[in-house]
Amino acid sequence: MNRRIFIIFFLLLSFRLFAQESPISLTLKDAEQRFQEHNLSLIAERYNIDMQKAQVIQAKLFDNPTLSFEQNVYNSVTGKYFDAGKQGEYTAGIEQVISIAGQRNQRIRLEKANLQVSEYQFEEVLRTLHSELNSTFAQLYFASKSLNVYDKEISSLDKLLQAMKEQQSKGNVSLMESSRIEALLFSLRKERNEAEENLHSLRGELNVLLSLPPQQEVKLLFDESILKNIDLSSLPLSGLETQLLERPDIKLASAQIDAARVNLKLQKALAYPSVSIKGSYDKNGSFMSNYFGIGFSATLPVFNRNQGNIKAARLATEQNTTQKNVAEEKAKSELYTAYTRLQKSLELYRQSNEALEQDFGKLITGVNDNFRKRNISMPEFIDYYESYKNVCLQLYETRKNVLLAMENLNTVTGRTLFSY
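## Points about the overall build of the protein chain
In terms of helices and strands, the protein chain carries 10 helices and eight strands. Relative to the 2.2 N^0.38 estimate, which gives 22 Å for 420 residues, the radius of gyration of the protein chain is 38 Å and therefore markedly larger than a compact globule would have. Taking the principal axes of the C-alpha coordinates as reference, the protein chain spans close to 130 × 80 × 30 Å. Counting every position in the protein chain, which comprises 420 residues, the buried fraction comes to 36%. Across the protein chain, every contact between residues at least 6 apart in sequence was considered, and the portion connecting residues at least 24 apart equals 80%. Positive and negative side-chain charges in the protein chain, numbering 51 and 50 respectively, have mean positions lying 4 Å apart.

## Overview of a positive patch on the surface
A grouping of R109, K265, K268 and R314 is seen on the molecular surface, where their side chains present a positively charged patch. Here R109 shows up in helix 4 (residues 103-169).

## Some points on the packing of aromatic side chains
By the definition in use, this model includes seven aromatic pairs. Among the aromatic residues, ring-to-ring pairing joins F69, Y90, Y281 and F292 into one connected group. The cationic tip of R104 hangs over the ring face of F62; the distance from NZ or CZ to the ring centre is 4.1 Å.

## Things to note about the sheet that holds strand 2 (residues 66-71)
Strand order in this open sheet of four strands is 2-5-7-8, and the pairing throughout is antiparallel. Because the sheet does not close on itself, it has two edges, and the strands there are strand 2 and strand 8 (291-298). Here the average twist between neighbouring strands, direction ignored, is 15°. Relative to strand 7 (residues 275-282), strand 5 (residues 90-98) runs antiparallel, the two sharing eight bridges. Across the sheet, residue I98 finds its bridge partner in strand 7, namely V275.

## Concerning the confidence of the model for the protein chain
Chain-level statistics for the protein chain give a pLDDT mean of 88 and a share of 93% at 70 or above. Confidence, expressed as mean pLDDT per element, reaches its minimum in the protein chain at helix 1 (residues 2-18) with 46 and its maximum at helix 7 (residues 248-269) with 96. Note on residues 6-20: pLDDT under 50 across the span, and one contact to partners over four residues away in sequence or across chains.

## Remarks on the packing of helix 4 against helix 7
Axis separation between helix 4 and helix 7 bottoms out at 8 Å; the angle between their running directions is 165°. Classed by the angle they form, the pair helix 4 and helix 7 counts as roughly antiparallel. In the packing of helix 4 onto helix 7, the handedness of the crossing is left-handed. Here the residues of the contact of helix 4 with helix 7 sort into 11 nonpolar, seven polar and eight charged.

Calculation rules
Residues numbered from 1 in each chain as written. Predicted model: local features only at pLDDT ≥ 70, side-chain atom pairs only at ≥ 80, totals over all residues. Heavy atoms only, no water. Helix = DSSP H or I, 4+ residues; strand = E, 2+ residues; numbered from the N terminus. Rg over C-alpha atoms; globule rule 2.2 N^0.38 Å. Buried < 20%, exposed > 50% of the residue type's maximum accessible area, 1.4 Å probe, protein only. Contact = heavy atoms within 4.5 Å. Lys, Arg positive; Asp, Glu negative; His and termini not counted. Charge placed at Lys NZ, Arg CZ, Asp CG, Glu CD. Patch = residues over 30% accessible without salt bridge, like charges linked within 9 Å, V, L, I, M, F, W, Y side chains within 5 Å. Areas by Shrake-Rupley, 256 points an atom, 1.4 Å probe, with all protein chains shown as cover. Salt bridge = Lys/Arg side-chain N within 4 Å of Asp/Glu carboxyl O. Phe/Tyr/Trp six-rings, centres within 6.5 Å; stacked < 30°, edge-to-face > 60°. Lys NZ or Arg CZ within 6 Å of the ring centre and 35° of its normal. Pairing = 2+ DSSP bridges. Axes fitted to C-alpha atoms, helices over the stretch in contact; angles between N-to-C directions. pLDDT = per-residue confidence, 0-100. Parallel < 35°, antiparallel > 145°, perpendicular 65-115°, else oblique. Left-handed = near helix turned anticlockwise from the far one by under 90°. Nonpolar A, V, L, I, M, F, W, Y, C, P; charged D, E, K, R; others polar.

Set out below in structure tokens:
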């Protein structure tokens, strides 16, 4: 019985250790949904908003009163220590700080302004990471297609090489011809390894963005036909400039100006005296027994009138205003560059002949047959293979560049101009 349990436990452990994650299929919308729910950077950034909400709650709270108590250690009249009787002496007091000049209200306003800053910071992080997700998705998708081109050529050449070696052993094929094919095959395998390294790197980046296990293989699904339906005529450059004010980083810059202005008002309010009211009780130490008194205290703003903090707050306001102007100018420059990039990418894409991919695929099969029949020479055969590979890779690169340019324009405007 114990042996059977041990075997079952061993099999289960072995299965967990060696079982690989089954591949999952994802469209871009699936990836975006998982990204929104599981991306760790977004989750961490959301905590900043919750933390700032807590600061708003804290700013609304009033200062706690201060309670004081003092007991006479030794009563020389009665000869008692800590005498609490009728002839004993102790004092008690309570003090409450009162905010004046709107200090409390300005603190609340400042924390609310900082809350808005945190919200726009989250939106900016979301915009940046979302762009990274879509760009990585596009690059990984076309990297997978490029790898398939190498696999197709390598498989075809490998079969051809095996057949040629059999014929070489019979004296029907020269060593030079088989060596040329073997050299071409080696070169393709080397290029494939480099392409596969790039694919694994992109897959690792995607898995991090989606919080997937490092070993998780993902099959990406994408409808390339949408690239044919892109129409920039409905999106003139002049019309897009007006939408830049909705970018999270521009809103963030405006919110930082508002927060700096509120902080300036707060620092001016803090220049007023700090006021507190208090009540006190003295049992036997005053000119009369059981003395009750009330009073107030206030700091005198003789030396410190908060001059430094007021000046720093004023300079921060001017600095944030300048930074907003820089952000707006940068956004306009990015928009022009992104729009021009998409125009050029679309122009090249529309000039490409997508049928070449299928035509060359059919041609390769005929090339192999004709080479076996000696209808084409070795240089021609190699040229056909190189041409097929280059045509496919260039077509994929062209489509990828259009997709990346679309996503870049989405990111620059801060809006979903193209959904796919």
